[in-house]
Amino acid sequence: MEHTGHTSRRKFIQQSAVVGAGLMLAGPIKSLAQTDNKKIMSNNIASKGYAGKDKQGTLVPWNFERKTVGDNDILIDIKFSGICHSDIHTIKGHWGPQQYPQVPGHEIAGIVTAVGKKVTKFKIGDKAGVGCMVNSCMECESCKNGEEHHCETTGMVGTYGSPEKSSPSGITQGGYANNIVVTEHFAIKIPESIDLKYAAPLLCAGITTYSPMMKVKFKKGDKIGVVGIGGLGHMAIKLAVSKGAEVYAFTTSPSKISDIKSFGAKEVIVVKSAEDLKPYKGKLDFMISTVPYAYEMSPYIDCVKKYGYFTQVGQPINGELAINNFNMIFNRVNFNGSLIGGIPETQEVMDYCADNKIYPQIEIIKASEINDAWEKVVNKEARYRYVIDAATF
(Lines give C-alpha, C1' and ligand atoms only; values in the text may rest on other atoms or scores of the structure.)
Protein backbone atom coordinates (compact mmCIF):
# COMPACT_ATOMS: atom_id res chain seq x y z
CA MET A 1 0.00 0.00 0.00
CA GLU A 2 1.29 3.43 -0.89
CA HIS A 3 0.92 6.09 1.75
CA THR A 4 -0.90 8.65 -0.37
CA GLY A 5 -4.62 9.30 -0.86
CA HIS A 6 -7.03 6.73 -2.19
CA THR A 7 -4.23 4.48 -3.42
CA SER A 8 -3.51 3.60 0.20
CA ARG A 9 -6.92 1.94 0.37
CA ARG A 10 -6.23 -0.50 -2.41
CA LYS A 11 -2.66 -1.75 -2.08
CA PHE A 12 -0.95 -3.62 0.69
CA ILE A 13 2.37 -1.77 0.37
CA GLN A 14 3.40 0.66 3.07
CA GLN A 15 6.29 2.25 4.85
CA SER A 16 7.01 0.99 8.36
CA ALA A 17 8.66 1.82 11.61
CA VAL A 18 11.92 0.16 12.56
CA VAL A 19 11.52 -2.27 15.42
CA GLY A 20 14.24 -2.56 18.08
CA ALA A 21 16.08 -5.71 19.01
CA GLY A 22 15.67 -7.96 22.05
CA LEU A 23 14.58 -11.49 22.77
CA MET A 24 13.46 -13.61 25.71
CA LEU A 25 13.52 -17.35 25.56
CA ALA A 26 11.26 -19.28 27.91
CA GLY A 27 12.25 -22.71 26.80
CA PRO A 28 13.87 -24.65 23.97
CA ILE A 29 12.85 -23.41 20.54
CA LYS A 30 13.20 -26.02 17.86
CA SER A 31 12.57 -23.57 15.03
CA LEU A 32 15.80 -21.72 15.77
CA ALA A 33 18.96 -23.43 14.62
CA GLN A 34 21.15 -21.43 17.02
CA THR A 35 21.32 -22.29 20.68
CA ASP A 36 23.50 -19.37 21.73
CA ASN A 37 21.14 -16.68 23.10
CA LYS A 38 23.45 -13.82 22.17
CA LYS A 39 23.61 -15.14 18.67
CA ILE A 40 19.83 -15.37 18.48
CA MET A 41 19.39 -11.82 19.77
CA SER A 42 21.71 -10.35 17.18
CA ASN A 43 20.91 -12.55 14.20
CA ASN A 44 18.17 -12.47 11.63
CA ILE A 45 15.72 -15.37 11.64
CA ALA A 46 16.19 -17.98 8.91
CA SER A 47 12.98 -18.62 6.99
CA LYS A 48 11.83 -20.63 4.00
CA GLY A 49 8.73 -20.23 1.91
CA TYR A 50 7.36 -19.64 -1.57
CA ALA A 51 7.89 -16.31 -3.35
CA GLY A 52 6.87 -14.61 -6.53
CA LYS A 53 9.92 -13.55 -8.55
CA ASP A 54 8.09 -11.40 -11.12
CA LYS A 55 4.62 -10.35 -12.22
CA GLN A 56 4.11 -13.61 -14.11
CA GLY A 57 3.02 -14.83 -10.68
CA THR A 58 4.53 -18.30 -10.56
CA LEU A 59 5.67 -18.98 -6.99
CA VAL A 60 8.93 -20.82 -6.31
CA PRO A 61 10.69 -22.05 -3.14
CA TRP A 62 12.82 -19.33 -1.55
CA ASN A 63 15.10 -19.26 1.50
CA PHE A 64 15.28 -15.83 3.11
CA GLU A 65 15.73 -14.05 6.43
CA ARG A 66 13.33 -12.29 8.76
CA LYS A 67 14.31 -9.34 10.93
CA THR A 68 15.61 -10.01 14.44
CA VAL A 69 13.01 -10.41 17.18
CA GLY A 70 12.75 -7.00 18.86
CA ASP A 71 11.66 -6.08 22.39
CA ASN A 72 8.00 -5.83 21.34
CA ASP A 73 8.01 -8.66 18.80
CA ILE A 74 7.04 -12.30 18.78
CA LEU A 75 8.27 -15.12 16.56
CA ILE A 76 5.50 -17.37 15.24
CA ASP A 77 6.11 -20.88 13.94
CA ILE A 78 3.53 -20.87 11.14
CA LYS A 79 1.33 -23.96 10.94
CA PHE A 80 -1.25 -22.88 8.34
CA SER A 81 -1.53 -20.08 5.80
CA GLY A 82 -4.67 -19.26 3.81
CA ILE A 83 -4.69 -18.30 0.13
CA CYS A 84 -6.49 -15.03 -0.63
CA HIS A 85 -7.26 -13.59 -4.06
CA SER A 86 -5.37 -10.49 -2.87
CA ASP A 87 -2.17 -12.57 -2.92
CA ILE A 88 -2.65 -13.22 -6.62
CA HIS A 89 -3.56 -9.63 -7.47
CA THR A 90 -0.54 -8.29 -5.59
CA ILE A 91 2.13 -10.62 -6.95
CA LYS A 92 0.83 -10.20 -10.51
CA GLY A 93 1.06 -6.42 -10.18
CA HIS A 94 -2.68 -5.87 -10.59
CA TRP A 95 -2.65 -3.22 -7.85
CA GLY A 96 0.61 -1.59 -8.83
CA PRO A 97 4.34 -2.34 -9.34
CA GLN A 98 5.91 -4.75 -6.85
CA GLN A 99 9.34 -5.51 -5.43
CA TYR A 100 10.51 -9.11 -5.82
CA PRO A 101 11.19 -11.70 -4.54
CA GLN A 102 8.00 -11.39 -2.50
CA VAL A 103 6.34 -13.93 -0.22
CA PRO A 104 2.57 -13.38 -0.12
CA GLY A 105 0.07 -14.56 2.49
CA HIS A 106 -1.91 -12.70 5.14
CA GLU A 107 -4.01 -15.44 6.73
CA ILE A 108 -1.42 -16.78 9.13
CA ALA A 109 -1.93 -19.09 12.12
CA GLY A 110 0.71 -20.73 14.27
CA ILE A 111 2.45 -21.11 17.61
CA VAL A 112 4.55 -18.50 19.43
CA THR A 113 8.12 -19.76 19.80
CA ALA A 114 9.92 -16.63 21.05
CA VAL A 115 8.94 -13.32 22.66
CA GLY A 116 10.71 -9.98 23.05
CA LYS A 117 11.47 -8.82 26.59
CA LYS A 118 8.67 -6.21 26.61
CA VAL A 119 5.98 -8.54 25.27
CA THR A 120 2.97 -8.95 27.59
CA LYS A 121 0.20 -10.19 25.30
CA PHE A 122 1.76 -13.55 24.42
CA LYS A 123 3.88 -16.27 25.96
CA ILE A 124 5.74 -19.11 24.31
CA GLY A 125 3.37 -21.89 23.28
CA ASP A 126 0.37 -19.59 22.66
CA LYS A 127 -1.65 -19.84 19.47
CA ALA A 128 -1.32 -16.65 17.44
CA GLY A 129 -2.35 -15.27 14.09
CA VAL A 130 -1.40 -12.47 11.71
CA GLY A 131 -3.75 -10.84 9.24
CA CYS A 132 -3.32 -8.17 6.57
CA MET A 133 -1.13 -5.70 8.46
CA VAL A 134 1.94 -5.84 10.69
CA ASN A 135 2.44 -2.22 11.75
CA SER A 136 1.16 1.37 11.73
CA CYS A 137 2.11 4.65 13.43
CA MET A 138 0.08 3.83 16.58
CA GLU A 139 -0.17 7.56 17.33
CA CYS A 140 -2.90 9.01 15.08
CA GLU A 141 -6.60 9.07 15.96
CA SER A 142 -7.42 6.04 13.81
CA CYS A 143 -4.66 3.94 15.37
CA LYS A 144 -5.63 4.99 18.89
CA ASN A 145 -9.25 4.05 18.18
CA GLY A 146 -8.57 0.53 16.94
CA GLU A 147 -8.61 1.37 13.24
CA GLU A 148 -4.95 0.77 12.52
CA HIS A 149 -5.82 -0.17 8.93
CA HIS A 150 -6.77 3.47 8.37
CA CYS A 151 -3.56 4.90 9.88
CA GLU A 152 -3.52 8.60 8.97
CA THR A 153 0.24 9.21 8.90
CA THR A 154 2.32 6.41 7.39
CA GLY A 155 -0.69 4.25 6.55
CA MET A 156 -0.79 0.62 7.61
CA VAL A 157 2.18 -1.62 6.87
CA GLY A 158 0.96 -4.56 4.80
CA THR A 159 1.97 -8.08 5.81
CA TYR A 160 3.81 -8.49 2.52
CA GLY A 161 5.28 -6.15 -0.07
CA SER A 162 5.55 -3.09 2.17
CA PRO A 163 8.84 -1.20 2.41
CA GLU A 164 10.40 -2.11 5.78
CA LYS A 165 13.84 -0.88 6.78
CA SER A 166 14.29 -3.60 9.39
CA SER A 167 13.60 -6.39 6.89
CA PRO A 168 16.71 -8.00 5.37
CA SER A 169 14.93 -8.06 2.00
CA GLY A 170 13.77 -4.44 2.27
CA ILE A 171 10.09 -5.34 2.27
CA THR A 172 7.71 -7.24 4.53
CA GLN A 173 7.40 -10.92 3.63
CA GLY A 174 4.15 -12.78 4.21
CA GLY A 175 2.82 -16.06 5.44
CA TYR A 176 3.58 -18.56 2.68
CA ALA A 177 6.50 -19.52 4.89
CA ASN A 178 7.48 -21.48 7.99
CA ASN A 179 7.74 -18.52 10.39
CA ILE A 180 7.13 -14.79 10.84
CA VAL A 181 8.32 -12.03 13.21
CA VAL A 182 5.64 -9.50 14.13
CA THR A 183 5.05 -6.71 16.67
CA GLU A 184 2.82 -8.19 19.38
CA HIS A 185 0.09 -5.56 18.94
CA PHE A 186 -0.54 -6.78 15.41
CA ALA A 187 -0.82 -10.44 16.35
CA ILE A 188 -4.22 -11.95 17.14
CA LYS A 189 -4.76 -14.35 20.03
CA ILE A 190 -6.28 -17.56 18.71
CA PRO A 191 -8.52 -19.33 21.27
CA GLU A 192 -7.67 -22.89 22.23
CA SER A 193 -11.12 -24.01 21.09
CA ILE A 194 -10.52 -23.36 17.38
CA ASP A 195 -8.12 -25.35 15.19
CA LEU A 196 -5.36 -23.29 13.60
CA LYS A 197 -6.36 -24.47 10.12
CA TYR A 198 -9.81 -22.89 10.58
CA ALA A 199 -8.48 -19.79 12.31
CA ALA A 200 -6.20 -18.77 9.42
CA PRO A 201 -8.90 -17.65 6.91
CA LEU A 202 -10.66 -15.59 9.59
CA LEU A 203 -7.72 -13.18 9.57
CA CYS A 204 -8.70 -11.83 6.14
CA ALA A 205 -11.84 -13.48 4.76
CA GLY A 206 -13.46 -13.35 8.20
CA ILE A 207 -12.68 -9.77 9.21
CA THR A 208 -13.15 -8.31 5.71
CA THR A 209 -16.78 -9.44 5.63
CA TYR A 210 -17.52 -9.15 9.37
CA SER A 211 -16.46 -5.50 9.71
CA PRO A 212 -18.79 -3.87 7.14
CA MET A 213 -21.71 -6.07 8.18
CA MET A 214 -21.30 -5.04 11.80
CA LYS A 215 -21.11 -1.38 10.81
CA VAL A 216 -24.55 -1.38 9.16
CA LYS A 217 -26.00 -2.71 12.44
CA PHE A 218 -28.44 -5.04 10.71
CA LYS A 219 -31.27 -6.54 12.74
CA LYS A 220 -32.41 -10.12 13.08
CA GLY A 221 -34.59 -10.92 10.08
CA ASP A 222 -33.02 -8.30 7.81
CA LYS A 223 -32.47 -9.40 4.23
CA ILE A 224 -28.77 -9.44 3.31
CA GLY A 225 -27.43 -10.13 -0.17
CA VAL A 226 -23.99 -11.64 -0.74
CA VAL A 227 -22.49 -11.38 -4.23
CA GLY A 228 -19.67 -13.77 -5.14
CA ILE A 229 -19.51 -16.94 -3.05
CA GLY A 230 -15.83 -17.78 -2.70
CA GLY A 231 -13.45 -17.47 0.24
CA LEU A 232 -14.94 -14.20 1.46
CA GLY A 233 -18.50 -14.73 0.30
CA HIS A 234 -19.05 -18.05 2.04
CA MET A 235 -17.82 -16.50 5.31
CA ALA A 236 -20.18 -13.54 4.81
CA ILE A 237 -23.09 -15.97 4.54
CA LYS A 238 -22.12 -17.92 7.66
CA LEU A 239 -21.55 -14.78 9.72
CA ALA A 240 -24.76 -13.06 8.62
CA VAL A 241 -26.84 -16.20 9.23
CA SER A 242 -25.31 -16.61 12.69
CA LYS A 243 -26.49 -13.07 13.54
CA GLY A 244 -30.03 -13.84 12.42
CA ALA A 245 -30.09 -12.40 8.91
CA GLU A 246 -32.04 -13.81 5.98
CA VAL A 247 -29.31 -14.31 3.36
CA TYR A 248 -29.71 -14.17 -0.41
CA ALA A 249 -26.63 -15.49 -2.22
CA PHE A 250 -25.84 -14.39 -5.77
CA THR A 251 -23.46 -16.59 -7.76
CA THR A 252 -22.52 -17.30 -11.38
CA SER A 253 -21.60 -20.91 -10.47
CA PRO A 254 -24.57 -23.33 -10.46
CA SER A 255 -22.28 -26.01 -9.01
CA LYS A 256 -22.22 -24.10 -5.72
CA ILE A 257 -25.97 -24.18 -5.03
CA SER A 258 -26.05 -27.07 -2.55
CA ASP A 259 -22.97 -25.80 -0.70
CA ILE A 260 -24.43 -22.33 -0.39
CA LYS A 261 -27.66 -23.71 1.06
CA SER A 262 -25.60 -25.71 3.56
CA PHE A 263 -23.99 -22.43 4.71
CA GLY A 264 -27.47 -21.27 5.72
CA ALA A 265 -28.57 -19.06 2.83
CA LYS A 266 -32.34 -18.72 2.44
CA GLU A 267 -32.13 -18.44 -1.32
CA VAL A 268 -29.48 -18.95 -4.04
CA ILE A 269 -29.75 -16.86 -7.20
CA VAL A 270 -27.69 -18.11 -10.16
CA VAL A 271 -26.99 -15.01 -12.23
CA LYS A 272 -26.64 -15.44 -15.99
CA SER A 273 -27.77 -11.93 -16.91
CA ALA A 274 -29.20 -8.75 -15.37
CA GLU A 275 -32.69 -10.18 -15.96
CA ASP A 276 -32.09 -12.66 -13.14
CA LEU A 277 -31.71 -9.76 -10.69
CA LYS A 278 -34.92 -7.88 -11.53
CA PRO A 279 -37.19 -9.84 -9.13
CA TYR A 280 -35.02 -8.64 -6.22
CA LYS A 281 -35.06 -4.94 -7.06
CA GLY A 282 -35.40 -2.90 -3.85
CA LYS A 283 -35.85 -6.02 -1.69
CA LEU A 284 -32.64 -6.21 0.35
CA ASP A 285 -31.64 -4.24 3.46
CA PHE A 286 -27.91 -4.59 2.75
CA MET A 287 -25.68 -6.15 0.15
CA ILE A 288 -21.99 -7.05 0.24
CA SER A 289 -19.99 -7.95 -2.87
CA THR A 290 -16.77 -9.94 -2.74
CA VAL A 291 -16.24 -10.09 -6.52
CA PRO A 292 -12.53 -9.33 -7.09
CA TYR A 293 -12.81 -8.11 -10.68
CA ALA A 294 -14.73 -5.37 -12.49
CA TYR A 295 -18.31 -6.43 -13.28
CA GLU A 296 -21.65 -4.85 -14.15
CA MET A 297 -22.63 -3.60 -10.70
CA SER A 298 -25.75 -1.52 -11.25
CA PRO A 299 -28.31 -4.38 -11.45
CA TYR A 300 -26.94 -5.72 -8.15
CA ILE A 301 -26.98 -2.33 -6.43
CA ASP A 302 -30.61 -1.94 -7.52
CA CYS A 303 -31.49 -4.95 -5.33
CA VAL A 304 -30.96 -2.84 -2.20
CA LYS A 305 -33.80 -0.84 -0.62
CA LYS A 306 -33.70 2.94 -0.90
CA TYR A 307 -31.21 4.46 1.54
CA GLY A 308 -29.76 1.02 2.22
CA TYR A 309 -26.07 0.20 1.79
CA PHE A 310 -24.12 -1.72 -0.84
CA THR A 311 -20.53 -2.49 0.21
CA GLN A 312 -17.87 -3.62 -2.27
CA VAL A 313 -15.01 -5.49 -0.56
CA GLY A 314 -13.67 -7.37 -3.58
CA GLN A 315 -10.84 -5.34 -5.09
CA PRO A 316 -10.57 -5.31 -8.90
CA ILE A 317 -7.50 -4.60 -11.03
CA ASN A 318 -6.29 -1.09 -10.16
CA GLY A 319 -9.38 -0.72 -7.99
CA GLU A 320 -11.44 0.36 -10.99
CA LEU A 321 -15.19 -0.28 -11.11
CA ALA A 322 -17.86 1.25 -13.34
CA ILE A 323 -21.08 2.43 -11.71
CA ASN A 324 -23.98 3.81 -13.75
CA ASN A 325 -24.88 7.02 -11.95
CA PHE A 326 -28.33 7.14 -13.56
CA ASN A 327 -29.11 4.04 -11.53
CA MET A 328 -27.67 5.56 -8.37
CA ILE A 329 -29.73 8.75 -8.50
CA PHE A 330 -32.91 6.77 -8.97
CA ASN A 331 -32.29 3.86 -6.57
CA ARG A 332 -31.04 6.09 -3.71
CA VAL A 333 -28.68 3.36 -2.50
CA ASN A 334 -25.51 4.25 -0.57
CA PHE A 335 -22.43 2.71 -2.18
CA ASN A 336 -19.17 2.27 -0.23
CA GLY A 337 -16.05 0.18 0.02
CA SER A 338 -14.47 -1.41 3.07
CA LEU A 339 -10.90 -2.37 3.98
CA ILE A 340 -10.39 -5.33 6.39
CA GLY A 341 -10.82 -4.16 10.02
CA GLY A 342 -8.76 -2.98 12.98
CA ILE A 343 -6.96 -5.22 15.46
CA PRO A 344 -9.71 -5.09 18.14
CA GLU A 345 -12.39 -6.03 15.60
CA THR A 346 -10.20 -8.79 14.13
CA GLN A 347 -9.84 -10.22 17.63
CA GLU A 348 -13.59 -9.89 18.03
CA VAL A 349 -14.42 -11.94 14.92
CA MET A 350 -11.82 -14.56 15.87
CA ASP A 351 -13.37 -14.96 19.34
CA TYR A 352 -16.91 -14.89 17.93
CA CYS A 353 -16.20 -17.64 15.41
CA ALA A 354 -14.42 -19.75 18.01
CA ASP A 355 -17.28 -19.36 20.50
CA ASN A 356 -19.98 -20.10 17.93
CA LYS A 357 -18.11 -22.78 15.97
CA ILE A 358 -18.29 -20.82 12.72
CA TYR A 359 -15.58 -22.33 10.56
CA PRO A 360 -14.56 -21.63 6.97
CA GLN A 361 -14.88 -24.50 4.51
CA ILE A 362 -11.28 -25.30 3.65
CA GLU A 363 -9.08 -27.57 1.60
CA ILE A 364 -5.59 -28.25 2.98
CA ILE A 365 -2.87 -28.24 0.34
CA LYS A 366 0.89 -28.73 0.23
CA ALA A 367 3.28 -25.92 -0.68
CA SER A 368 3.99 -27.64 -3.99
CA GLU A 369 0.29 -27.23 -4.90
CA ILE A 370 0.17 -23.43 -4.46
CA ASN A 371 0.40 -22.54 -8.15
CA ASP A 372 -2.35 -25.00 -9.04
CA ALA A 373 -4.49 -23.60 -6.22
CA TRP A 374 -3.99 -20.05 -7.51
CA GLU A 375 -5.23 -21.12 -10.93
CA LYS A 376 -8.29 -22.71 -9.36
CA VAL A 377 -9.03 -19.57 -7.32
CA VAL A 378 -8.98 -17.45 -10.48
CA ASN A 379 -11.20 -20.00 -12.25
CA LYS A 380 -13.73 -19.98 -9.36
CA GLU A 381 -12.95 -23.59 -8.50
CA ALA A 382 -11.97 -23.06 -4.83
CA ARG A 383 -14.30 -24.72 -2.32
CA TYR A 384 -13.90 -22.36 -0.54
CA ARG A 385 -10.54 -21.50 0.97
CA TYR A 386 -7.26 -23.18 0.20
CA VAL A 387 -5.07 -23.42 3.30
CA ILE A 388 -1.39 -24.32 3.02
CA ASP A 389 0.10 -26.80 5.47
CA ALA A 390 3.25 -24.89 6.46
CA ALA A 391 5.03 -28.10 7.41
CA THR A 392 5.43 -28.67 3.64
CA PHE A 393 7.57 -25.58 3.00
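Residues numbered from 1 in each chain as written. Predicted model: local features only at pLDDT ≥ 70, side-chain atom pairs only at ≥ 80, totals over all residues. Heavy atoms only, no water.

1. Considering the sheet that holds strand S10 (residues 223-227)
Step number 1: Sheet architecture is open: six strands sit in the order S12-S11-S10-S13-S14-S15, paired in parallel fashion. Both outer strands of the open sheet, strand S12 (267-270) and strand S15 (334-337), are each paired with one neighbouring strand and no more. Averaged over all pairs of adjacent strands, the angle between strand axes in this sheet comes to 20°, irrespective of strand direction.
Step number 2: The pairing of S10 with strand S13 (residues 284-289) spans four bridges and is classified as parallel. Its bridge partner lying in S13, Gly225 is registered against Met287. (Pairing = 2+ DSSP bridges. Helix = DSSP H or I, 4+ residues; strand = E, 2+ residues; numbered from the N terminus. Axes fitted to C-alpha atoms, helices over the stretch in contact; angles between N-to-C directions.)

2. Re helix H10 (residues 343-356)
Step number 1: Taking 1.5 Å per residue as the helical rise, H10 with its 14 residues ought to reach 20 Å, and the 20 Å between its terminal C-alpha atoms agrees with that figure.
Step number 2: Here H10 has its buried residues at Ile343, Glu345, Thr346, Gln347, Val349, Met350, Tyr352, Cys353 and Ala354.
Step number 3: Check the buried side of H10 and you find it contacts strand S6 (133-135), strand S9 (187-189), helix H4 (196-199), helix H5 (205-215) and helix H6 (231-242). (Expected span 1.5 Å × (residues − 1). Buried < 20%, exposed > 50% of the residue type's maximum accessible area, 1.4 Å probe, protein only. Contact = heavy atoms within 4.5 Å.)

3. Some words on the pattern of salt bridges
Step number 1: Using the criterion set out here, one finds ten salt bridges in the structure.
Step number 2: Glu164 is paired through a salt bridge with Lys67; the nearest N and O atoms lie 3.6 Å apart. Of the two residues, Glu164 sits in the loop between strand S7 (157-158) and strand S8 (179-183) while Lys67 sits in the loop between strand S2 (59-66) and strand S3 (73-82), which places them 97 residues apart along the sequence.
Step number 3: Connected through shared salt-bridge partners, Lys123, Asp126 and Lys189 make up one network. (Salt bridge = Lys/Arg side-chain N within 4 Å of Asp/Glu carboxyl O.)

4. Regarding the packing of aromatic side chains
Step number 1: Summed over all chains, the structure comprises eleven aromatic pairs.
Step number 2: Plain terms: the ring middles of Tyr198 and Tyr359 are 4.9 Å apart, the flat faces sit at 15° to each other, and that makes the pair stacked. Here Tyr198 is found in helix H4, whereas its partner Tyr359 is found in the loop between H10 and strand S16 (362-365), with 161 residues between them in sequence.
Step number 3: Under the relative-accessibility criterion, Tyr198 is labelled partly exposed at 23%.
Step number 4: By relative accessible area, Tyr359 is classed as partly exposed at 24%.
Step number 5: The ring of Phe122 is capped by Lys189, whose NZ or CZ atom sits 4.8 Å from the centre of that ring.
Step number 6: Directly above the aromatic system of Tyr352 lies the positively charged group of Lys243, at a separation of 4.1 Å from the ring centroid. (Phe/Tyr/Trp six-rings, centres within 6.5 Å; stacked < 30°, edge-to-face > 60°. Lys NZ or Arg CZ within 6 Å of the ring centre and 35° of its normal.)

5. Quick look at a nonpolar patch on the surface
Step number 1: A contiguous nonpolar surface patch, about 400 Å² in accessible area, is contributed by Phe326, Ile329 and Phe330.
Step number 2: Mapped onto the elements of the fold, Phe326 is located in helix H9 (residues 325-331). (Patch = residues over 30% accessible without salt bridge, like charges linked within 9 Å, V, L, I, M, F, W, Y side chains within 5 Å. Areas by Shrake-Rupley, 256 points an atom, 1.4 Å probe, with all protein chains shown as cover.)

6. So, a negative patch on the surface
Step number 1: Taken together, the side chains of Glu363, Glu369, Asp372, Glu375 and Glu381 define an acidic patch exposed on the protein surface.
Step number 2: Along the chain, Glu363 turns up in strand S16.
Step number 3: Among the residues examined, Glu363 registers a relative accessible area of 36% and is labelled partly exposed. (Lys, Arg positive; Asp, Glu negative; His and termini not counted. Charge placed at Lys NZ, Arg CZ, Asp CG, Glu CD.)

7. Regarding the state of the cysteines
Step number 1: Throughout the structure, instances matching the rule amount to zero disulfides.
Step number 2: The structure places no disulfide on Cys137, whose sulfur is separated from the nearest cysteine sulfur, that of Cys151, by 3.6 Å.
Step number 3: Here Cys137 falls in the buried class, since its relative accessible area comes to 19%.
Step number 4: Classification of Cys151 as buried rests on a relative accessible area of 6%. (Disulfide = S-S within 2.5 Å.)

8. Regarding the environment of Tyr386
Step number 1: If you trace the backbone, Tyr386 turns up in strand S17 (residues 385-389).
Step number 2: Residues Tyr386 and Glu369, spaced 17 residues apart in sequence, show a C-alpha to C-alpha distance of 10.0 Å.
Step number 3: Look past the residues within four positions of Tyr386 in its chain and what remains in contact with it is Ser81, Gly82, Ile83, Glu363, Ile365, Ala373, Lys376, Val377 and Glu381.

9. Comments concerning unusual backbone geometry
Step number 1: Each neighbour pair has its own omega, and for Tyr100 with Pro101 the value is -5°, a cis peptide bond.
Step number 2: Residue position: Pro101 is located in the loop between helix H2 (85-91) and strand S4 (108-115).
Step number 3: Positive phi is not limited to glycine here, since Lys217 has a value of about 50°.
Step number 4: If you trace the backbone, Lys217 turns up in the loop between H5 and S10.
Step number 5: Look at Lys217 and you get exposed, because its relative accessible area is 67%.
Step number 6: Of note in this structure, Lys357 is not a glycine but carries a positive phi near 55°.
Step number 7: If you trace the backbone, Lys357 turns up in the loop between H10 and S16.
Step number 8: For Lys357, a relative accessible area of 61% gives the class exposed.

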